[in-house]
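Single-letter residue listing:
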Amino acid sequence: MARRGGACLAQAVEQVASANREAIDAWDGVLYDRFVQYRHLVVAGLAPFGDESYRVCPPPAGARVVDLGCGFGDSTRRLAELVGPEGHVTGIDSSARFIATATAEAAEAGVGNVEFRVADVQAGDLGGPYDAAYARFGTMFFANPVAALRNIRRAIAPGGTFCMVVWRRKDDNEWVPRAEAVVKGMVEEEEDSDELTCGPGPFSMANADVTSDIVLGAGFDDVSLRRSDRAWAMGSLDEAADFAMALGPAGEAIRLAGDQAEELRPQIAAAVRDALRDLDGGDGVVSRTSTWIVTARNPV
C-alpha cells in the first residue's frame, strides 16, 4: 500500500491542473491543520449528509466505488461497509496529508476493501472503471468544474451512477454569513497577501440551475437535485466562534487580512460570539445547514 501510495503521489504531482495548484496547496497545508484541529466537529457534522446521500443513491453490494475528496477517509470506510467485503472503494484526495491519515486509519481499523490515492480529480488518473462515484463536499473547489466532472464520468462505467453532496446557498447555512459579515466588517483583505485560497469556495455549486448545467455539460444524464437540510452541532459558543474563525469564508477572510486581523482577533472573536449567540439553545450552538444531493448517470 505504501509503495502504491508513493507511486500515486508522484503521478498526482505531474497531473495537476495549474489553476488548481493554489487550492491544493491550501488543502495540503493550513486547511489540513485546521481540519485536524476541528475534526470532531467536521466529521460529526458532515457524516449525516453523506449517510443521506447513500440512502438516496445506495451503493450496490459488491460494487467497485470511488470516493472523491475523501479527506480523512471516514466516508470511504462507510462506503466500504455498505458495499460489503465483495466490494471495493478507492478514496481519492488532492492532499497527500489527508491521504496519509486516511490510509493509516483504515489499516488500523482493519478495513481491507479500501485503498487511497493522491490525485487532482480535475486532471489526474482516477482509475476505474467504477460502478459508482460519490463525493461528499469534495467537488466545489475546482477551477474548471465541467472538466473535473467530465474526468469523473470517464472513470465511471457506462450506466454507472454519480452522487455528490454540495452546499446550497450561503444564507441557508446560518453560521456562515453571520461570521463572515462580522469579519468582513472589521478587516480588509491585504491586496498583496501571500496566503493561499481554497479555489472557488464551498458555495460554488449552490445554484441549482448552474450545478445541473455543469453536470449535464460534463456528459451525464438523468440529473436530479434533492434538497437535504440538517442541524449541525458546533459545540459551545466559544468553540463555535473559534471554528467559524478558522474555517469557511470568515476563516479565509481572517487569513487574507493577515496581521490586521491578528491584532483585532479578541474583538473579532467577541463579535462572532455575539453573532452566533442566539443559535445557542443552552446545549451549545446548533446551526441550520442546507445541501443539494445531486445524482446523475453515465450514459450507456
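Predicted, not measured: the structure shown is a model, and the values here were computed from it.

K.L.:
An account of the packing of helix α10 (residues 237-246) against helix α11 (residues 248-257) is needed here, citing residue identities and associated values.
P.N.:
Taken N-terminus to C-terminus, the directions of α10 and α11 make an angle of 60°; their axes are 5 Å apart at the nearest point. Across from A244, M245 and A246 in α10, the residues of α11 making contact are A250, G251 and I254. For the contact of α10 with α11, a count of residues per class yields five nonpolar, one polar and no charged.

K.L.:
Explain the packing of helix α4 (residues 39-56) against helix α5 (residues 74-83) residue by residue, including any values.
P.N.:
Running from N to C, α4 and α5 cross one another at 35°; their axes reach a closest spacing of 10 Å. Crossing of α4 against α5: the hand is right-handed. Contact with α4, carried on its side by V43, D51 and Y54, involves D74, S75, R78, L79 and L82 of α5 and no other residues of that element. By residue class, the composition of the contact of α4 with α5 is four nonpolar, one polar and three charged.

K.L.:
I'd like to hear about the pattern of salt bridges, residue by residue, with values.
P.N.:
In total, this model carries 22 salt bridges according to the counting rule given. The shortest N-O distance in the salt bridge between R78 and E81 comes to 3.2 Å. Within this pair, R78 and its partner E81 are both found in helix α5, separated by three residues, close to a single helical turn. Residue classification places E81 among the exposed positions, given a relative accessible area of 56%. Several salt bridges share partner residues, and in doing so they unite R168, R169, D172, E174 and R288 into one network.

K.L.:
Now, about the packing of aromatic side chains: what can you tell me, with residues and values included?
P.N.:
Taken as a whole and assessed by the stated rule, the structure comprises 16 aromatic pairs. Ring centres of F72 and F98 lie 5.0 Å apart, and the angle between their planes is 70°; on these two criteria the pair is classed as edge-to-face. Pair noted here: F72 is in the loop between β1 (64-68) and α5 and F98 is in helix α6 (residues 96-109), with a separation of 26 residues, a long-range link. Each member of the pair, F72 together with F98, is buried. Three or more aromatic residues joined by ring pairs make a cluster, and in this case those are Y38, F49, F137, W167, W175, W232 and F243. Here the basic side chain of R39 rests over the ring of F72, its NZ or CZ set 4.1 Å away from the ring centre.

K.L.:
Talk me through unusual backbone geometry; I want residue IDs and the actual numbers.
P.N.:
Cis geometry is found at the peptide bond from G128 to P129, where omega equals 5°. Within the fold, P129 resides in the loop between β3 (114-118) and β4 (130-136). Here F137, not a glycine, exhibits a phi torsion of approximately 60°, which is positive. Mapped onto the fold, F137 is located in the loop between β4 and α7 (145-154). With phi around 50°, D222 is a residue other than glycine that occupies positive phi space. With respect to the helices and strands, D222 occurs in strand β6 (residues 221-233). Take D222: its relative accessible area is 53%, and that puts it in the exposed class.

K.L.:
Any chance you could break down the nonpolar core for me, citing the residues and the numbers?
P.N.:
Membership of the largest hydrophobic core comes to 92 residues, with the highest contact counts inside it found for L68, L149, I152 and V272. Ignoring anything within four residues of it in the chain, the contact list for V272 reads A179, V182, V183, A241, A244 and M245.

K.L.:
Could you give an account of the sheet that holds β6, naming the residues involved and the relevant values?
P.N.:
Pairing is mixed in the open sheet, where seven strands are placed in the order β3-β2-β1-β4-β5-β7-β6. Here the strands that pair on one side only, and so sit at the sheet edges, are β3 and β6. Averaged over all adjacent pairs, the angle separating strand axes in this sheet is 20°, with direction ignored. Pairing of strand β2 (residues 88-93) with β3 involves five bridges; the strand directions are parallel. Bridge assignment links D93 to a residue of β3, and that residue is V118. Relative to the sheet, α4 contacts β4, β5 (156-167), β6 and β7 (286-297), its axis offset from that of β6 by approximately 145°.

K.L.:
Can you break down the state of the cysteines residue by residue, with the values?
P.N.:
According to the stated counting rule, one finds zero disulfides in the structure shown. C163 provides the cysteine sulfur closest to C57, a residue in no disulfide bond, and the two sulfurs are 4.7 Å apart. By relative accessible area, C57 is classed as buried at 11%. Under the relative-accessibility criterion, C163 is labelled buried at 1%.

K.L.:
So what about the side chain of T289? Which residues, and what values?
P.N.:
Relative to the helices and strands, T289 resides in strand β7. Residue T289 is classed as buried on the basis of its relative accessible area of 0%. The residues contacting T289, other than those within four sequence positions of it, are F49, W167, D172, N173, W175, S228, D229, R230, A231 and W232.

Rules and cut-offs
- Within every chain, residues take consecutive numbers counted from 1 along the sequence as written.
- Since the coordinates come from a predicted model, pLDDT governs what is reported: local features require at least 70, and pairs of side-chain atoms require 80 or more to be given and counted, while whole-chain, interface and lining totals use all residues.
- Side-chain numbers here rest on the full set of heavy atoms in the structure, without hydrogens or water.
- Axes here refer to lines fitted to C-alpha atoms; in helices the fit is confined to the stretch in contact. Angles between the N-to-C directions go from 0 to 180 degrees.
- Each helix corresponds to a stretch of at least 4 residues labelled H or I by DSSP, and each strand to a stretch of at least 2 residues labelled E; elements are numbered beginning at the N terminus.
- The contact criterion used is simple: two residues touch if any of their non-hydrogen atoms lie within 4.5 Å.
- For this classification, Asp, Glu, Lys and Arg are treated as charged, while Ala, Val, Leu, Ile, Met, Phe, Trp, Tyr, Cys and Pro are nonpolar and the rest, including Gly, are polar.
- Left-handed is the label given to a crossing in which the near helix is rotated counterclockwise from the far helix by less than a right angle, and right-handed is the label when the rotation is clockwise.
- A side-chain nitrogen of Lys or Arg and a carboxyl oxygen of Asp or Glu constitute a salt bridge if their distance falls within 4 Å.
- Throughout, exposure labels follow a simple rule: accessible area from a 1.4 Å probe, protein chains only, divided by the maximum for the residue type, with under 20% read as buried, over 50% as exposed, and the rest as partly exposed.
- Stacked, edge-to-face and tilted labels apply to pairs of Phe, Tyr and Trp rings (six-membered ring for Trp) whose centres lie within 6.5 Å, assigned for plane angles under 30 degrees, over 60, and everything in between, in that order.
- We call a charge positioned above a ring when the Lys NZ or Arg CZ atom is no farther than 6 Å from the ring centre and deviates by at most 35 degrees from the ring normal.
- Among buried residues, the Ala, Val, Leu, Ile, Met, Phe, Trp, Tyr and Cys ones that are joined through side-chain atoms within 4.5 Å form a nonpolar core.
- Think of it this way: DSSP has to see at least two bridges between two strands before they count as a pair.
- Throughout, disulfides are identified as pairs of cysteine sulfur atoms within 2.5 Å of each other.

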